[in-house]
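Below, each chain spelled out in residue letters.
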Amino acid sequence: MVAKRSLLFIILQLSFGAIIIFSFSLTSADIPTLLISLSFYLFIFIIPIFFFIRFCLNQKPLIYLKLSTDIKKGLIYGIGISLILITAFLLKNLNQPVKNINIYFLIGRFLAGPLEETIFRGFYLNTFSKSLKFSHANIITSAIFALLHFNQLSLQGLIILLFMFIFSLWLGYFYRQSNSLIAPILIHSTYNIMTVLF
């Protein structure tokens, strides 16, 4: 079973974090809101995760999160899959012009990759998979990821929920295959940027 203190930490963080995620978004079109959103992600999620890993689990955060392990393999997987995503988006939107996008909106979407991957794959999936089968840990993490991205009760909202669940499973798979958080960060950021541009 997941260690009680790790599970309690995750539950508390998700409770506070869900309110923040629904209140603020990294997809803001203006810099003050983007900075507020970024601050909440850092102070509610990222910094507490680093402190928890370092002082409660007595481990080095970059190693625990797999930010400093198998960097080369993570880059190969991340860049390779990202190139496939870019190619797919370009082929799908061959005759479509690139949207005129607010730079702050684009920056927010890019930053969502490293921030969310640190939380979901680096910490939650890694923590759950220490006491559960990886497939079960990936399903739980993906369900949390999808639910936190769910924002409308409609057919379209349910389709997005299902897509986010599958996308999260896919990111978890590449996290495990590469043994590096770099791969899902690159894939997630690339996907977010492509959805903004097309």
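Just above sits the structure.
Residues numbered from 1 in each chain as written. Predicted model: local features only at pLDDT ≥ 70, side-chain atom pairs only at ≥ 80, totals over all residues. Heavy atoms only, no water.

Overview of the packing of aromatic side chains
- Here the structure, examined in full by the defined rule, presents 17 aromatic pairs.
- Residues Phe120 and Tyr124 carry aromatic rings whose centres are separated by 5.5 Å and whose planes lie at 90 degrees to one another, so their mutual orientation is edge-to-face. Here Tyr124 and Phe120 lie together in helix H5 (residues 103-128), a separation of four residues that amounts to about one turn. Of the two residues, Phe120 and Tyr124, neither departs from the other in class, the shared state being buried.
- Between Phe163 and Tyr191, the aromatic rings sit 5.7 Å apart at their centres with planes inclined by 35 degrees, giving tilted as the arrangement. (Phe/Tyr/Trp six-rings, centres within 6.5 Å; stacked < 30°, edge-to-face > 60°. Helix = DSSP H or I, 4+ residues; strand = E, 2+ residues; numbered from the N terminus. Buried < 20%, exposed > 50% of the residue type's maximum accessible area, 1.4 Å probe, protein only.)

Thoughts on the nonpolar core
- By size, the foremost hydrophobic cluster in this structure holds 41 residues, and its most contacted members are Ile49, Ile53, Leu65, Ile119, Phe120, Phe123 and Tyr124.
- Of all the elements in the fold, those that place two or more residues in this core are helix H1 (4-23), helix H2 (31-56), helix H4 (71-92), H5, helix H6 (134-149), helix H7 (155-178) and helix H8 (182-197).
- With seven residues, H5 is the single largest residue contributor to this core.
- Those residues in contact with Leu65 that sit more than four places away from it in its chain are Ile49, Phe50, Ile53, Thr118, Gly122, Phe123, Asn126, Tyr175 and Leu181. (Core = buried A, V, L, I, M, F, W, Y, C linked by side-chain atoms within 4.5 Å. Contact = heavy atoms within 4.5 Å.)

Overview of unusual backbone geometry
- One non-glycine residue with positive phi stands out, namely Asp70, at about 45 degrees.
- Of note, Asp70 is situated in the loop between helix H3 (61-64) and H4.
- Backbone geometry places Asn179, a non-glycine residue, at a positive phi of 55 degrees.
- By relative accessible area, Asn179 is classed as partly exposed at 27%.

Remarks on a nonpolar patch on the surface
- A cluster of nonpolar side chains, namely Ile31, Leu35, Ile103, Tyr104 and Ile107, defines an oily patch on the protein surface of about 410 Å² accessible area.
- Of all the elements in the fold, those that place two or more residues in the nonpolar patch are H2 and H5.
- Looking at the element boundaries, Leu35 is found in helix H2.
- The class of Leu35 is partly exposed, set by a relative accessible area of 46%. (Patch = residues over 30% accessible without salt bridge, like charges linked within 9 Å, V, L, I, M, F, W, Y side chains within 5 Å. Areas by Shrake-Rupley, 256 points an atom, 1.4 Å probe, with all protein chains shown as cover. Salt bridge = Lys/Arg side-chain N within 4 Å of Asp/Glu carboxyl O.)

Description of H7
- Between its first and last C-alpha atoms H7 spans 35 Å; for 24 residues at 1.5 Å apiece the expected length is 34 Å, and the two agree.
- Three or more residues of H7 are buried, namely Gly157, Met164, Phe167, Ser168, Leu171, Gly172, Phe174, Tyr175 and Ser178.
- As for H7, its buried residues are in contact with H3, H4, H5, H6 and H8. (Expected span 1.5 Å × (residues − 1).)

Here we look at the side chain of Ser180
- When you line up the elements, Ser180 lands in the loop between H7 and H8.
- Side-chain polar atoms of Ser180 contact the backbone oxygen of Thr69, separated by 3.4 Å.
- Of the polar contacts made by the side chain of Ser180, one reaches the backbone nitrogen of Ile182; its length is 3.1 Å.
- Not counting the four nearest positions on each side in its chain, Ser180 is found in contact with Lys66, Thr69, Asp70, Ile71, Gly74 and Tyr175. (Polar contact = N/O pair within 3.5 Å; in protein donor to acceptor, adjacent residues only side chain to side chain.)

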